[in-house]
Structures are given as structure tokens and as C-alpha cells.
Amino acid sequence: MFLYLSEQNIPYIPLIISIKLIGFLIILAIAKNNKKKLKTNNKEV
């Protein structure tokens, strides 16, 4: 079953992987920004 799906979706696999990677990078960037905001908030207080 998995082999059949992979044969059908060969053009989409790199696309899905790249979308997941981009999403992961975006999440990391947001997390870094949130950490910076938390640090600046602590300094202000």
C-alpha cells in the first residue's frame, strides 16, 4: 500500500517535505522572536 502511494505521489513528496521544512523554520523563527520579546519584557519590569 505504501509503495503504491509513493509511486503515485513521487512529484508531491519533495513538495510536502519542503513545506514541512519551511513550516518548521517559521515555527523556529517565531519561537526565537517570542524569546526575545520575553527577555525585553523582563528587562523593562
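Before reading further, recall that the structure is shown in the block above.
Described in the following lines is the structure provided in the data block.

1. Focus on the overall build of the protein
In step 1: Within the protein one finds 2 helices and 0 strands.
In step 2: Total accessible area on the protein stands at roughly 4,600 Å², and carbon and sulfur atoms take up 71% of it.

2. Some remarks on a nonpolar patch on the surface
In step 1: Where nonpolar side chains cluster on the molecular surface, the patch consists of Tyr 12, Leu 15, Ile 16 and Ile 19 and spans about 410 Å² of accessible area.
In step 2: Residue placement: Tyr 12 occurs in helix H2 (residues 12–44).
In step 3: Residue classification places Tyr 12 among the partly exposed positions, given a relative accessible area of 49%.

3. Brief notes about a positive patch on the surface
In step 1: Residues Lys 32, Lys 35, Lys 36, Lys 39 and Lys 43 make up a contiguous surface patch of positive charge.
In step 2: Mapping Lys 36 onto the fold places it in helix H2.

The rules we used
- Residues numbered from 1 in each chain as written.
- Predicted model: local features only at pLDDT ≥ 70, side-chain atom pairs only at ≥ 80, totals over all residues.
- Heavy atoms only, no water.
- Helix = DSSP H or I, 4+ residues; strand = E, 2+ residues; numbered from the N terminus.
- Areas by Shrake-Rupley, 256 points an atom, 1.4 Å probe, with all protein chains shown as cover.
- Patch = residues over 30% accessible without salt bridge, like charges linked within 9 Å, V, L, I, M, F, W, Y side chains within 5 Å.
- Salt bridge = Lys/Arg side-chain N within 4 Å of Asp/Glu carboxyl O.
- Buried < 20%, exposed > 50% of the residue type's maximum accessible area, 1.4 Å probe, protein only.
- Lys, Arg positive; Asp, Glu negative; His and termini not counted.
- Charge placed at Lys NZ, Arg CZ, Asp CG, Glu CD.

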